Each structure stands twice: as structure tokens, then as C-alpha cells.
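Residues per chain are reported as follows:
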Amino acid sequence: MEERKLPTHVGIIMDGNGRWATEKGRPRTDGHREGANTLKELALHMNDLGIKYASVYAFSTENFKRTKTEVDFLMNLFIEMFNNEFDQILKNNIRIVFSGREKPLSDKVLKAMRGIEEESKDNTGLVLNVCLNYGSRSEIVDMTKKISELYKDNKISLDDIDEELIRKNLYNDLPDVDFLIRTSGELRLSNFMLYQLSYAEFYFTRTYFPDFHSDEFDKAIDDFNDRNRRFGGN
Ligand code: FPP
């Protein structure tokens, strides 16, 4: 039997928390809490499988348009998770990094993020890149500003600007995403990692994120194994 290929970097757009809850007659916020539990399970599972990088879309820059109640709930959920619920993640050698803009996140959220980043910085297992207050176009704008500063300060010349330099100046220096999963049946990218997804295989499932457990993840990996990736060649 052929060996199962694993993607090096998995992206997950964790969609459908609200609908999961609404269909059960529960408040949308219950869906977010259940989604956070599913994320913990999947992070441990991906780490066990030997996947090196996972980027998950926790909160987009556009998500600030939601009701104050929902935004506040999500921010408190992030704080609670990073401060109290990630012990098992840390014990399992998973490293947490974040992608996104700091403004207008509160000091309390930023403190919880910096805390878990620091606590996990020497871990050598899965790198879990949590995209929080993230937008891919903002990331490209911020990268352009960083590179322009380097140029202005004579640290680089125009000829130094290449794909490698661009990647290094995104929020995190990570390899390309090979495999993107979006749950809940929506077929769009929603401003997620546009630069890093250039050659990714896409997997869409109708399952809502809270129900996207390890067995469903394994089915997605089987599907990835059936793909013939040519990277523009033949
Ligand atoms: C999209 O579903 C989901 C979000 C905007 C939030 C995702 C957050 C989590 C899964 C929790 C993550 C926790 C940590 C600790 C990072 P939706 O609300 O848009 O669902 P809907 O489309 O059904 O309304």
C-alpha cells in the first residue's frame, strides 16, 4: 500500500458555529464554545499525525461588524482558552503563534495571546497559527509597509524584493498552505491567506465546524491523498 501523504501546512476556515447552535435552538455563542473544543481536539490530532503547521481562522477583521454581544463573547472565549484551557496543547509540545493586527484588540486579549505565545515558544511539535483579527489584504498592506521601511532605511535594494522576502515579511514566516479546509458548505475564501494559498488543494464540507472531529479530518486527508498536484507542470 502506498504511504499516506500528509500536507505540511493545513489551513482551516472554521465556519458554521452559529448555524450549528441555531439549528439546535441554542444561542450562537454555544456554537463558538463548541467550536473552540473542536479546535483543541483537532490541534492534538494534527500534532499526533505529524502535521507541522496549521493555520486556523479564529476572527477576521470583518468579524468586528458582528453584534457587540457576540464580539465580546468571542474575545472572552479567546482569553479563557489561552489562559486556562490550553494546558494539554502545551503539554503536547504544540507551539502557538498569531497572525493579525493588534489594533483594536484589548490589552486583556493581547496579554493572553502574548502569554501563550511565550509559554509555547520552545515547543517543537505542530505550529498552530491562530489568525485573530486577521485579514489577508491587511497582511499584504502591512508586509508592503515593512518592506518599504527596509528599502527606505537602505537595508535592501529593489533587486532584493522577491517571493522569499515577501513571505518572510508576512505576519509569520511559514511555508505555503498545501491543504485548505472550509467547513459548513460555504465556497469562498473570505480574505484568508491569499498569498499562501496559491498552490493549495481545497476541501469543502457541509459539516459545521463544531462537528468536524478527528474522523472527519482523516476523511479530508484521504481526499488530499487522491489529488494529483502538478504545481503548474504536467
Ligand atoms: C465562523 O462561524 C466562526 C467564527 C467567526 C469564530 C471561530 C472561532 C472558534 C472556532 C473558536 C476558536 C477558539 C480559539 C481558542 C482560537 P460563524 O459564526 O460565522 O457561523 P455561521 O456562518 O453559521 O453564522
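Reading the values: rules and limits
Residues numbered from 1 in each chain as written. Predicted model: local features only at pLDDT ≥ 70, side-chain atom pairs only at ≥ 80, totals over all residues. Heavy atoms only, no water. Salt bridge = Lys/Arg side-chain N within 4 Å of Asp/Glu carboxyl O. Buried < 20%, exposed > 50% of the residue type's maximum accessible area, 1.4 Å probe, protein only. Helix = DSSP H or I, 4+ residues; strand = E, 2+ residues; numbered from the N terminus. Polar contact = N/O pair within 3.5 Å; in protein donor to acceptor, adjacent residues only side chain to side chain. Contact = heavy atoms within 4.5 Å.

Engineer: Got a minute to help me understand the pattern of salt bridges in this structure?
Structural biologist: Any two side chains of opposite charge can pair, given that their charged atoms come close. One pass over the structure, following the stated rule, counts 23 salt bridges. When the shortest N-O distance is used, the salt bridge between Lys 168 and Asp 173 registers 3.8 Å. Overall, the relative accessible area of 41% leaves Asp 173 in the partly exposed class. As a salt-bridge pair, Arg 227 and Asp 223 come within 2.6 Å of each other at their nearest N and O atoms. You can call Asp 223 partly exposed: its relative accessible area is 28%.

Engineer: Explain the side chain of Arg 182 here, please?
Structural biologist: Tracing the backbone through its elements, the reader meets Arg 182 in strand β5 (residues 179-182). Taking the relative accessible area as the measure of exposure, Arg 182 reaches 4% and is therefore buried. Among the polar contacts made by the side chain of Arg 182, one reaches the side chain of Asp 15 at a distance of 3.0 Å. Discounting chain neighbours no more than four positions away, the residues touching Arg 182 are Ile 13, Asp 15, Arg 188, Leu 189, Ser 190, Tyr 203, Phe 204 and Thr 205.

Engineer: Can you walk me through the environment of Tyr 195 in this structure?
Structural biologist: Inspection of the secondary structure assignment puts Tyr 195 in the loop between β5 and β6 (201-204). With relative accessibility at 26%, the residue Tyr 195 sits in the partly exposed group. Through-space distance from the C-alpha of Tyr 195 to that of Asp 176 is 8.3 Å; in sequence the pair is 19 residues apart. The residues touching Tyr 195, leaving out its near neighbours within four places in the chain, are Ser 136, Glu 163, Ile 166 and Leu 170.

Engineer: Can you help me understand unusual backbone geometry in this one?
Structural biologist: Trans is the common state for peptide bonds, and a negative phi is the common state for residues other than glycine. Here the residue pair Lys 103 and Pro 104 is connected by a cis peptide bond, since its omega of 0° sits within 30 degrees of zero. Considering the arrangement of structural elements, one finds Pro 104 in the loop between β3 (95-99) and α5 (107-119). Even without glycine at this site, Ser 190 takes up a positive phi of about 50°. Tracing the backbone shows Ser 190 in the loop between β5 and β6. Phi is positive for Met 193, which is not a glycine, with a value near 45°. Position of Met 193 relative to the elements: it lies in the loop between β5 and β6.

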